[in-house]
Amino acid sequence: MKALIYHGPGSMSWSEAPRPEVLNPGDAIVQVDTTTICGTDLHILKGDVPAVQPGRILGHEGVGTVVETGPGVHDFVVDDRVLISCIKSCGHCPNCRSGLYSHCLGDEGQAGIGWVFGHLIDGTQAEYVRVPYADNSLYKVPEGVSNVEAVMLSDILPTGFEIGVLAGKVSPGDVVAVIGSGPVGLAAITTAGLCGAGTIVAIDRDANRLRQAMEFGATDAVDSGSTGWQEKVTAMTDGAGVDVAIEAVGLPETFSMALALVRPGGHVANVGVHGTGVALPLQELWIRNINISMGLVNTNTTPMLLKLVARHKIPAAKFATHTFTFDQVLDAYDTFARAAETKALKVIIERVPVQS
């Protein structure tokens, strides 16, 4: 089969790789029909994730067709169309039973780490992928939900909802500021309304992404590169500060912006992946009763989100801005890496259907 293989920082190739086989009773082999690229993949290519070793097949998002199952798989059969979750879940360990799939103690990849695809085991940017713990790590795609819609539920939609909206404890009527209007920030924006947010303020320096944020459900957009941007946001709260500030970039500057915007007793939900430490001014925050949360997505809300996509309550297909075939995957990476120039959100990479 063909797969996108990582060869070390700055190097990858779309080349031949062994087709995966069932190794454990709970495994399923899935033909990947649709996949996409995540910002984390770009971090890997920069060498920011040293656990990813040369020879690893990249990717942790995908939709496909089951072509083989191990004897321990009970919920899926050959030809089922499935969503591949970015997080493994054995379904039996204490963490999985409590919904903390991100720290699944199953020994696939590494015990205690839920993100294994394209990280600790071969991933989904390939023609076929082995999915461990298939009964708990795959989801059947309902009729009427396209592959493009479904692939947005592998990672970005549950991440924005769980780590941004739910962890930030968004409540009816809240003023929510989302800093960063990339794919995960837009996922937080489009799901904040599920918890009744009254005002959703998108904050970014990119005018195109601010326009996109309004299409995804933001009520207001503020250019953080403009003079007086903080005062513009605070004015929407009668001077009190926002109830919830969701940081969806992963930079010290944007984390500080979130701290500056939140009201006393409010919540800062850090969704962005930080590559360096940030200053935490506890001497100022403790007296303001600020709550700070962060984390890796669990994907335990995926079944609910999938129902909402099926009922057209979440505009999942809007995230897709560019489409490529598997043999154009290097072009897809180039387009995604130059998002400010290409206006890319999520790039779709699809298998070319066999002509009958």
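All values reported here derive from a predicted model rather than from experimental measurement.

Basis of the calculations
- Residues numbered from 1 in each chain as written.
- Predicted model: local features only at pLDDT ≥ 70, side-chain atom pairs only at ≥ 80, totals over all residues.
- Heavy atoms only, no water.
- Salt bridge = Lys/Arg side-chain N within 4 Å of Asp/Glu carboxyl O.
- Buried < 20%, exposed > 50% of the residue type's maximum accessible area, 1.4 Å probe, protein only.
- Pairing = 2+ DSSP bridges.
- Helix = DSSP H or I, 4+ residues; strand = E, 2+ residues; numbered from the N terminus.
- Axes fitted to C-alpha atoms, helices over the stretch in contact; angles between N-to-C directions.
- Contact = heavy atoms within 4.5 Å.
- Core = buried A, V, L, I, M, F, W, Y, C linked by side-chain atoms within 4.5 Å.
- Parallel < 35°, antiparallel > 145°, perpendicular 65-115°, else oblique.
- Left-handed = near helix turned anticlockwise from the far one by under 90°.
- Nonpolar A, V, L, I, M, F, W, Y, C, P; charged D, E, K, R; others polar.

Caption draft 1: Structural context of the pattern of salt bridges. The tally for this structure, following the rule as stated, stands at nine salt bridges. Across the pair arginine 338 and aspartate 334 runs a salt bridge, and its minimum N-O distance is 2.9 Å. Given a relative accessible area of 31%, arginine 338 falls into the partly exposed group. One salt bridge in this structure joins arginine 338 and glutamate 341, with 3.0 Å as the shortest N-O distance. Judged by its relative accessible area of 59%, glutamate 341 is exposed. Bridged by salt links that share partners, the residues Asp27, Glu108 and Arg130 form one connected network.

Caption draft 2: Structural view of the sheet that holds strand E9 (residues 199–204). With parallel pairing, the six strands of this open sheet are ordered in space as E10-E9-E8-E11-E12-E13. The outermost strands of the open sheet, each flanked by one partner alone, are strand E10 (220–223) and strand E13 (291–294). For this sheet, the mean angle separating the axes of adjacent strands, direction not counted, is 20°. In the sheet, strand E12 (residues 262–270) pairs with E13 via four bridges, with the strands oriented parallel. The residue of E13 that forms the bridge with valine 268 is isoleucine 292. This element, helix H9 (residues 252–261), spans strand E8 (175–179), E9, strand E11 (242–247), E12 and E13 of the sheet and lies at about 155° to E12.

Caption draft 3: Region of the structure containing the pairing of E8. Counting buried positions along E8 yields five of five residues, so the element is predominantly enclosed. On E8, burial covers both faces: Val175, Ala177 and Ile179 on one face and Val176 and Val178 on the other are all buried. Sheet topology note: the E8/E9 ladder contains five bridges and is parallel. Opposite valine 176, over in E9, you have isoleucine 200 as the bridge partner. Of the pairings in the sheet, the one linking E8 to E11 comprises four bridges and is parallel in character.

Caption draft 4: Local environment of the nonpolar core. Grouped together as the largest cluster of nonpolar side chains are 89 residues, with contacts concentrated most on Leu138, Met152, Ile189 and Ile246. In this structure, isoleucine 246 is in contact with Gly164, Val165, Val176, Ala177, Val178, Ile179, Ala188, Ala269 and Val271, ignoring residues within four places of it in sequence.

Caption draft 5: Geometry of the packing of helix H5 (residues 156–166) against helix H6 (residues 183–192). Where H5 contacts H6, the axes come no closer than 8 Å and their chain directions differ by 65°. Taken together, the axes of H5 and H6 lie roughly perpendicular to each other. Crossing of H5 against H6: the hand is right-handed. Together, Ile156, Leu157, Thr159, Gly160, Phe161 and Val165 of H5 and Pro183, Val184, Ala187, Ala188, Thr190, Thr191 and Ala192 of H6 make up the contact between the two elements. Class assignment for the residues of the contact of H5 with H6 results in nine nonpolar, four polar and no charged.

Purely geometric stuff here, so don't read any function into it on its own.
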